[in-house]
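# Structural characterization, general
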Amino acid sequence: MTTESGLLPTADFLDDFSTRWLAAWNSHSTDRVLALLHSEIVWDDHVFWSEVIHGIAGVELYVEKIWEAMPDVAFDEIEHFRSDRGRLRGGAYLLSLRGRS
């Protein structure tokens, strides 16, 4: 992951992005989720989708299907972590089917 300037993102950027990512998904606003993605996104989620998705239009359909299949889905962050260079190396989100407030 690099920023638009081609630089590696800072720890503060990654923390902020993680917060915005979680908020976008929990808002159930497809536009908010898509706004955080690069136009040439490659989305590989074989749990919920049978093929790799290329581009925003494909992810839009994917997100809409998530809302349709799980209208009360909510995500809670349980962990995110960085390497010793500050780069985000992974994270864990807990999927719950609790009602949204």
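For the structure, check the block above.
Report on the accompanying structure.

Calculation criteria
- Residues numbered from 1 in each chain as written.
- Predicted model: local features only at pLDDT ≥ 70, side-chain atom pairs only at ≥ 80, totals over all residues.
- Heavy atoms only, no water.
- Helix = DSSP H or I, 4+ residues; strand = E, 2+ residues; numbered from the N terminus.
- Buried < 20%, exposed > 50% of the residue type's maximum accessible area, 1.4 Å probe, protein only.
- Contact = heavy atoms within 4.5 Å.
- Areas by Shrake-Rupley, 256 points an atom, 1.4 Å probe, with all protein chains shown as cover.
- Core = buried A, V, L, I, M, F, W, Y, C linked by side-chain atoms within 4.5 Å.
- Expected span 1.5 Å × (residues − 1).
- Arc of directions from axis to C-beta.
- Salt bridge = Lys/Arg side-chain N within 4 Å of Asp/Glu carboxyl O.
- Phe/Tyr/Trp six-rings, centres within 6.5 Å; stacked < 30°, edge-to-face > 60°.

Looking now at the overall build of the protein chain. Each helix and strand counted, the protein chain has three helices and four strands in total. Taking all 101 residues of the protein chain together, the buried fraction comes to 31%. Pairs at least 24 apart in sequence give 39% of the contacts found in the protein chain among residues at least 6 apart. If you sum the accessible surface of the protein chain, you get close to 6800 Å²; carbon and sulfur atoms cover 53% of it.

Below, the discussion takes up the nonpolar core. Formed by 21 residues in total, the largest nonpolar core has its most connected members in Trp21, Trp25, Trp43, Val59 and Tyr62. Elements supplying a minimum of two residues to this core: helix H1 (11–27), helix H2 (30–35) and helix H3 (56–69).

Across its 17 residues, H1 extends 24 Å between first and last C-alpha, which sits within 8% of the 24 Å expected from 1.5 Å per residue. Taken as a whole, H1 has its buried residues at Leu14, Phe17, Ser18, Trp21, Leu22, Ala24 and Trp25. Here the buried residues of H1 occupy an arc of 160 degrees about the axis, which is enough to place them on one side. In H1, the exposed positions angled more than 90 degrees off the buried face are occupied by Asp12 and Thr19. Positioned one or two residues after H1, His28 has a phi angle of 60 degrees, which is positive.

In this section: the pattern of salt bridges. Applying the stated rule across the entire model yields two salt bridges. For the salt bridge of Arg20 with Asp16, the shortest nitrogen-to-oxygen distance reads 2.8 Å. Of this pair, Arg20 and Asp16 both sit in helix H1, four residues apart, which is roughly one turn of that helix. Take Arg20: its relative accessible area is 34%, and that puts it in the partly exposed class.

With that settled, consider the packing of aromatic side chains. A full pass over the atoms with the stated rule returns eight aromatic pairs. Seen from their ring centres, Phe17 and Trp21 are 5.9 Å apart, and the 20 degrees between their planes marks the pair as stacked. Here the residue Phe17 and the residue Trp21 both occupy positions in helix H1, the gap between them amounting to four residues, near one helical turn. A relative accessible area of 16% places Phe17 in the buried class. Judged by relative accessible area, Trp21 falls into the buried class, the value being 17%. Judged by centre distance (6.0 Å) and plane angle (40 degrees), the rings of Trp21 and Trp43 are tilted. Taken together, the residues Trp21 in helix H1 and Trp43 in strand S1 (residues 42–43) connect sequence positions 22 residues apart. The burial state of Trp21 is the same as that of Trp43; both residues are buried. Site record: aromatic cluster; members linked through ring pairs are Phe17, Trp21, Trp25, Trp43, Trp49, Tyr62, Trp67 and Phe75.

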